[in-house]
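# Results of the structural survey
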Amino acid sequence: MDAFIAHYRPDAGKLKILDKDLTVYLNEHDSVNSHSEDRPEIDRAPLRKILLEALTPGTVVWDSQFLSMEKQGDGWRLYFKNGKSYDADIVIAADGANSRIRPYITDIQPVYSGITMVEGNIYHAAINAPKLWKLVEGVKFLRWMKKNIIVQHQRRWYAHFLYRM
């Protein structure tokens, strides 16, 4: 728990909404009544590190291409392209919308929403995009109405952004 507390960002869920002229319609940093979720936020990299370090060495199978899996008692048997198979009590599908594991756990198929997003990062954003960095103000999301630009502070030194096409 100490490792989580060292990396979580309690104010990261705060929201800020602006229009194209940068008129602020909502700024949860200025308000004691926030619409943000009452939950801690942690970036993926430190969470991944915390989870991996909590496991017994050798628990995670690296550099193996998943082929299939089947129910085996209370767990699963996983088969890999290299011919090896492993038994697991739990399988975490963290391989995106076109997951190869998805069909084993649900019949629900991903659906194209009709929205295309461009995603990127601005490293050392306080230096490379200081006006944007200040505008984002540590919030989880900054959204310009109609332009649909979503910006999020990440790891306290870079900004992650999505732009709706």
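Just above sits the structure.
First, a word on what this report is: a plain description of the structure on this page. (Residues numbered from 1 in each chain as written. Predicted model: local features only at pLDDT ≥ 70, side-chain atom pairs only at ≥ 80, totals over all residues. Heavy atoms only, no water.)

## Re the side chain of Ser99
Take Ser99: it is sitting in the loop between β5 (85-88) and α3 (102-105). A polar contact of 3.0 Å, which involves the side chain of Ser99, links it to the backbone nitrogen of Ile101. From its side chain, Ser99 meets the backbone nitrogen of Arg102 in a polar contact 3.0 Å long. (Helix = DSSP H or I, 4+ residues; strand = E, 2+ residues; numbered from the N terminus. Polar contact = N/O pair within 3.5 Å; in protein donor to acceptor, adjacent residues only side chain to side chain.)

## Thoughts on the packing of aromatic side chains
Applying the stated criterion across every chain yields a total of 3 aromatic pairs. Here the aromatic rings of Phe66 and Phe80 are separated by 6.4 Å at their centres, their planes lie at 80°, and the arrangement is edge-to-face. Of the two residues, Phe66 sits in strand β3 (residues 66-72) while Phe80 sits in strand β4 (residues 75-80), which places them 14 residues apart along the sequence. Measuring from ring centre to ring centre gives 5.7 Å for Phe80 and Tyr86, while their planes differ by 70°; the resulting arrangement is edge-to-face. With relative accessibility at 11%, the residue Phe80 sits in the buried group. Classification of Tyr86 as partly exposed rests on a relative accessible area of 32%. An aromatic cluster is defined as three or more aromatic residues linked by ring pairs; in this entry it consists of Phe66, Phe80, Tyr86 and Tyr104. Taking the ring centre of Trp76 as reference, the NZ or CZ of Lys71 above it sits at 5.0 Å. (Phe/Tyr/Trp six-rings, centres within 6.5 Å; stacked < 30°, edge-to-face > 60°. Buried < 20%, exposed > 50% of the residue type's maximum accessible area, 1.4 Å probe, protein only. Lys NZ or Arg CZ within 6 Å of the ring centre and 35° of its normal.)

## As for the environment of Tyr79
Turning to its location among the elements, Tyr79 is positioned in strand β4. The spacing of Tyr79 and Gln65 is 14 residues in sequence and 8.6 Å in space, taken between C-alpha atoms. When near neighbours in sequence (up to four residues on either side) are disregarded, Tyr79 contacts Gln65, Phe66, Leu67, Ser68, Met69, Glu70, Lys84 and Ser85. (Contact = heavy atoms within 4.5 Å.)

## Structural notes on the environment of Arg77
Among the secondary structure elements, Arg77 is positioned in strand β4. You can call Arg77 partly exposed: its relative accessible area is 24%. Sequence separation of Arg77 and Asp89 is 12 residues, and the distance between their C-alpha atoms is 9.0 Å. Those residues in contact with Arg77 that lie beyond four places of it in its chain are Ser68, Met69, Glu70, Gln72, Ser85, Tyr86 and Asp87. Polar side-chain contacts of Arg77 include one of 2.7 Å to the side chain of Asp87.

The analysis is restricted to geometry; functional conclusions fall outside its scope.
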